[in-house]
Amino acid sequence: MGWVFTSDAKPGMVLEQDALNRQGTLLLKSGRRLTEENISMLKSWGVPKLWIETGDETAARAESPSSARSGRDRKTELSARFEGVLEHPAMVAIFEAVCKLERTRSRGIA
Amino acid sequence: MKPSSRNLDRIIRNVADLPTLPAAVLHITQIVNNPKASARDLAGIITSDQVLTARLLRLVNSSFYGFPQKISTVTGAIVLLGFDAIRHLLLSTSIFHLFSSPNGDARFHLDAFWDHSLGCALAAKVIGSRMRYEQVEELFVAGLLHDIGKIIEVLYFPDEFQQIAKGVSERNILMLDAEMQILGLSHAEIGAALAEAWRLPPKLIQAVGFHHHPADTEHFRREAAVVHLADILCRALDLGSGGDMRMPCLDAVAWDHLDIEIAALESILDEIDAGFRDLRCAI
């Protein structure tokens, strides 16, 4: 099937690839059938999308990742995460430093 | 009785069932509080436990420490790293291994959690070094343990934990807030109770118990503040996952207890980001 946003994943779908976090740590093995509990768990541990088995017609296709796209996603995600906590100047500095680091990383990938 | 204190009571009553530290590690933590203990005493305890010895030698020979020559004896490791560092290294690796035994699906997400704990441990150490804090290894352990209450929730309150995780993902709130609504107590309080049951030093108990609100403690506020900032930096760098997607608010009182310049934050973040991979391979 392909990439499916975790928010669109449905119980019953089968993972074709291992679900990993950003550091590459295994969260859920391929071949596992998703349940409501583990979808909610994957969401809460920040997994943005899952690779679902071919032939699973109920799955909604998500856009395949590209470094530019994930760079933008990451920036949006960072802004969302820091929303409402930027009152302290130290938090502004942390936010700016992480955005800068993110730009260096995506240049590294390209 | 309020539901929260009833739950904490339930945990403490079940202390006998709580994960226990290896006897040698308990012995080592007792030595911590004994100013007369010597490096030789410490070496004696470590070498009496093969697993600890192997773990220690593996760590000191890892790229994280980067010593040019191979260290093949416990005494050699103690001479190179120092008494305090060894003591905290052993405590950390033992705690790490205690919870990382594979145990099927229920724990499938714990790796991400450990990455967050390890990142926070490293961050606390980096922040401590910048502050010229003397016992940075102690801060490392505090960072490693700060969220240990979440493990207790997974193991002892699985139903409540499911509800907490559901609340977190549906409403995008901090796990702390979901816990207060569902359990009536936080992972910080549970973690502090566990650290107390393990008879860990009061500094660690306070740092774990107050890492979200360092201003609320009279004792060891500085240590709690270091862990508080370390947690925020790890979340900013996306090292592992603390279980929610939110960023905690920086406690202004805690910040004032840290001798850190705002301008230094960028290089601190760079140092943590670069050091994380090495550390992960080492442990």
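In what follows, the structure referred to is the one given above.
Chains are numbered independently. Their residues run from 1 in the order of the written sequence. Labels are handed out in written order, letters beginning with A for the chains and numbers beginning with 1 for the ligands. Only residues with pLDDT of at least 70 are given local features in this predicted model, and only at 80 or more are side-chain atom pairs given and counted; all residues enter the totals for whole chains, interfaces and linings.

A. Expanded view of the nonpolar core. Counting 101 residues, the largest nonpolar core has L56, A123, A124, V208, A230, L233 and L269 of chain B as the members making the most contacts within it. Summarising the domain contributions, this core has at least three residues from each of domain 1 (2–52) and domain 2 (67–109) of chain A. Residues are scored as being in contact if the C-beta atoms we place from backbone atoms lie within 7 Å. Leave out the neighbours within four places in its chain, and A230 of chain B touches C120, A123, A124, I127 and G143 of chain B. Under the definition applied here, buried Ala, Val, Leu, Ile, Met, Phe, Trp, Tyr and Cys residues are grouped into a nonpolar core through C-beta atoms within 7 Å. Whether a residue is buried, exposed or partly exposed follows from its count of other C-beta atoms within 10 Å of its own C-beta, namely 20 or more, 12 or fewer, or something in between, respectively; the C-beta atoms are built from the backbone. Start and end positions for the domains come from either an automated domain assignment or a database one.

B. Focus on the interface of chain A and chain B. Chain A puts 26 residues into the contact, and the matching count from chain B is 32 residues. Comment: elements are numbered from the N terminus, with helices defined as DSSP H or I runs of at least four residues and strands as E runs of at least two. With 8 residues, the single largest contributor to the side of chain A that touches chain B is helix α3 (residues 89–109) of chain A. Residue classes follow a fixed rule: Ala, Val, Leu, Ile, Met, Phe, Trp, Tyr, Cys and Pro count as nonpolar, while Asp, Glu, Lys and Arg count as charged, and any other residue, Gly among them, counts as polar. A class-by-class count of the residues in the side of chain A that touches chain B yields 15 nonpolar, 7 polar and 4 charged.

C. Representation of the packing of helix α8 (residues 136–145) of chain B against helix α13 (residues 202–209) of chain B in the model. All names here are of chain B. Convention adopted: a line fitted to C-alpha atoms gives each axis, helices being fitted over their contacting stretch, and angles between N-to-C directions are expressed from 0 to 180 degrees. It is the contact of α8 with α13, at a shortest axis distance of 9 Å, that shows an interaxial angle of 40 degrees. As the angle between them shows, α8 and α13 are arranged oblique. Crossing of α8 over α13 shows right-handed handedness. Along the contact surface, α8 presents E138, V141, A142 and L145, while α13 presents K203, L204, A207 and V208. Grouping the constituent residues of the contact of α8 with α13 by class yields 6 nonpolar, no polar and 2 charged. For classification purposes, angles smaller than 35 degrees are called roughly parallel, those larger than 145 roughly antiparallel, those between 65 and 115 roughly perpendicular, and all remaining angles oblique. By the definition used in this description, the sense in which the near helix is turned from the far one sets the handedness, with an anticlockwise turn below a right angle giving left-handed and a clockwise turn giving right-handed.

D. Up close: unusual backbone geometry. Residues and elements named next belong to chain B. If you check the backbone angles, R132 has positive phi at about 55 degrees while not being a glycine. Among the secondary structure elements, R132 is positioned in the loop between α7 (110–130) and α8. The phi dihedral of D238 falls on the positive side, at around 65 degrees, and the residue is not glycine. Within the secondary structure layout, D238 lies in the loop between α14 (221–237) and α15 (252–256).

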